[in-house]
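Below, each chain spelled out in residue letters.
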Amino acid sequence: MKTQIVYVLVSSEKDLFLEELWASVWSLRQYEPDVIVDVVVDKPTAQRVKANAELMALITNVVVADVPETYTPKERSREIKTRIREFIKGDFFYIDTDTIVCKPLAGIDELANKVGWDVAGVPDSNLLLKDNIFADGMTGIVKSIFGNDITHNGYLVNGGVLLVKDTSVAHELFRRWNQNWTYSSFEKGKSQDQPALWQSDYEMGNIIKLIPDIYNAQVAMGLQYFSEAAIVHFLHMDFISDQSYSPFLGLQIYKDIKIAGTISPECAEQIKTCKSQWASMTIPVGRDEMSFLFTEAGKNFVKIYKDGGAASAIMLKMAVWLEKLHRYTKKR
């Protein structure tokens, strides 16, 4: 593989982001041992990475970005991510740290050589906007921050995996992305980076192209692409309280790496077989169930049921009563 790989990392001893990066780069090296891997960091993170000899052996270059010291760690991470085009020379393939590589990525070189491509990615949730149950929220947040209606877009790209060319168009997209993220974060109090990316693409006439979904199979919604995935994206789904059914979603594997200070044989095996690392009670959930679970009612009902007690008992009894009421009203 000739296209260089780029990660962004801002991490301290208080989090598991360095361990996420470690697992992702380790998985990448199983299939692409010779590819250039650049990790763009802030100054404090650079010291942590360079002090880890085992991790450094997997990385080609540590690139230190100059970012405001007054920013929070999350803000520094977003600042670097939205500016990575200016820190890296040449075409690159950006990958979030909460990923595992499962196949060779040589197909990216062919995609990078396509004429007229400047930036490319995969639809958020691996779904076109018309099929995405989160579409109203995604387009709504852009409307609330920037005042633009993007409901007619065919898709909104997930910013976790991006193929980026070294072109003037790509540089301009990232310039706008950083500018829009800065406005969103500090003027509107919305620090997410994706709405600013979608806004920037909208401003430039929707120039972001699509690569196959297997290069960013998002576990939350991308089961269709999971078996053939070249990159599995274990999104931080903070809307699900208990994710212990997966060592990657529940973060247990990263905790184990942190405690051991190495990729142990046990962790290595989990990484190699990440597609099968699920608790036996984990099942696919259909569209109707997903739509309900992501409502406030669904999230609260799951929490109440899990916690047990009087509220849980009342909720279960009420569910029986509601079903009877529903059947009665349907007959009328």
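Located above this text is the structure these notes cover.
Residues numbered from 1 in each chain as written. Predicted model: local features only at pLDDT ≥ 70, side-chain atom pairs only at ≥ 80, totals over all residues. Heavy atoms only, no water.

A.B. asks: Hey, could you go over the sheet that holds strand 5 (residues 99-101) for me, with residue numbers and the actual values?
C.D. replies: In spatial order, the strands read 5-10-9; together these 3 strands make up an open sheet with mixed pairing. A single partner strand is all that each edge strand has here, and the edge strands are strand 5 and strand 9 (217-218). Pairing of strand 5 with strand 10 (residues 231-233) involves 3 bridges; the strand directions are antiparallel. Counterpart to Val101 in the pairing with strand 10 is Ile231. (Pairing = 2+ DSSP bridges. Helix = DSSP H or I, 4+ residues; strand = E, 2+ residues; numbered from the N terminus.)

A.B. asks: Could you give me a rundown of empty space enclosed by the protein, with the residues and numbers involved?
C.D. replies: All told, the structure shown has 2 cavities of 30 Å³ or more when counted by the stated rule. For the largest cavity, the calculated volume is near 40 Å³. A class-by-class count of the residues in the lining of the largest cavity yields 5 nonpolar, no polar and 1 charged. When its volume is computed, the second largest cavity comes out at roughly 30 Å³. (1 Å grid on protein atoms, 1.4 Å probe; cavity = no way out; pocket = protein on both sides within 12 Å on 5 of 7 lines; lining within 4 Å. Points joined across faces, edges and corners; volume = space filled by probe spheres on them. Nonpolar A, V, L, I, M, F, W, Y, C, P; charged D, E, K, R; others polar.)

A.B. asks: Pulling in residues and values, what's your account of helix 7 (residues 135-146)?
C.D. replies: With 12 residues, helix 7 should cover 16 Å at 1.5 Å per step; its first-to-last C-alpha distance of 16 Å lies within 8% of that length. Among the residues of helix 7, those classed as buried are Ala135, Met138, Thr139, Ile141, Val142, Ile145 and Phe146. Buried residues in helix 7, looked at end-on, bunch into an arc of 155°, giving them a common side. Buried-residue contacts for helix 7 involve helix 8 (168-187) and helix 9 (194-203). One or two steps after helix 7, the chain reaches Gly147, where phi turns positive at roughly 80°. (Expected span 1.5 Å × (residues − 1). Buried < 20%, exposed > 50% of the residue type's maximum accessible area, 1.4 Å probe, protein only. Arc of directions from axis to C-beta. Contact = heavy atoms within 4.5 Å.)

A.B. asks: Before we move on, could you go through a nonpolar patch on the surface and cite the residues and values that matter?
C.D. replies: Nonpolar side chains collect at one region of the surface, where Ile314, Met318, Trp321, Leu322, Leu325 and Tyr328 lie side by side and expose about 630 Å² of accessible area between them. With respect to the secondary-structure elements, Leu325 resides in helix 15 (residues 309-331). (Patch = residues over 30% accessible without salt bridge, like charges linked within 9 Å, V, L, I, M, F, W, Y side chains within 5 Å. Areas by Shrake-Rupley, 256 points an atom, 1.4 Å probe, with all protein chains shown as cover. Salt bridge = Lys/Arg side-chain N within 4 Å of Asp/Glu carboxyl O.)

A.B. asks: Could you give me a rundown of the pairing of strand 2 (residues 37-41), with the residues and numbers involved?
C.D. replies: In terms of residue burial, strand 2 counts as a mostly covered element, since 5 of its 5 residues are buried. Residues Val37, Val39 and Val41 of strand 2 are buried on one face, and the alternating residues Asp38 and Val40, pointing to the opposite face, are buried as well. Relative to strand 2, strand 1 (residues 4-9) runs parallel, the two being bridged by 5 bridges. Bridging from a neighbouring strand, Tyr7 pairs with Val39 of strand 2. This β-α-β element, strand 1 to helix 1 (residues 17-31) to strand 2, shows right-handed connectivity. As paired strands, strand 2 and strand 3 (residues 61-64) are joined by 4 bridges and run parallel to one another. When the bridges of strand 3 are listed, Val40 appears paired with Val63. (Right-handed = clockwise from strand over helix to strand, strands pointing away.)

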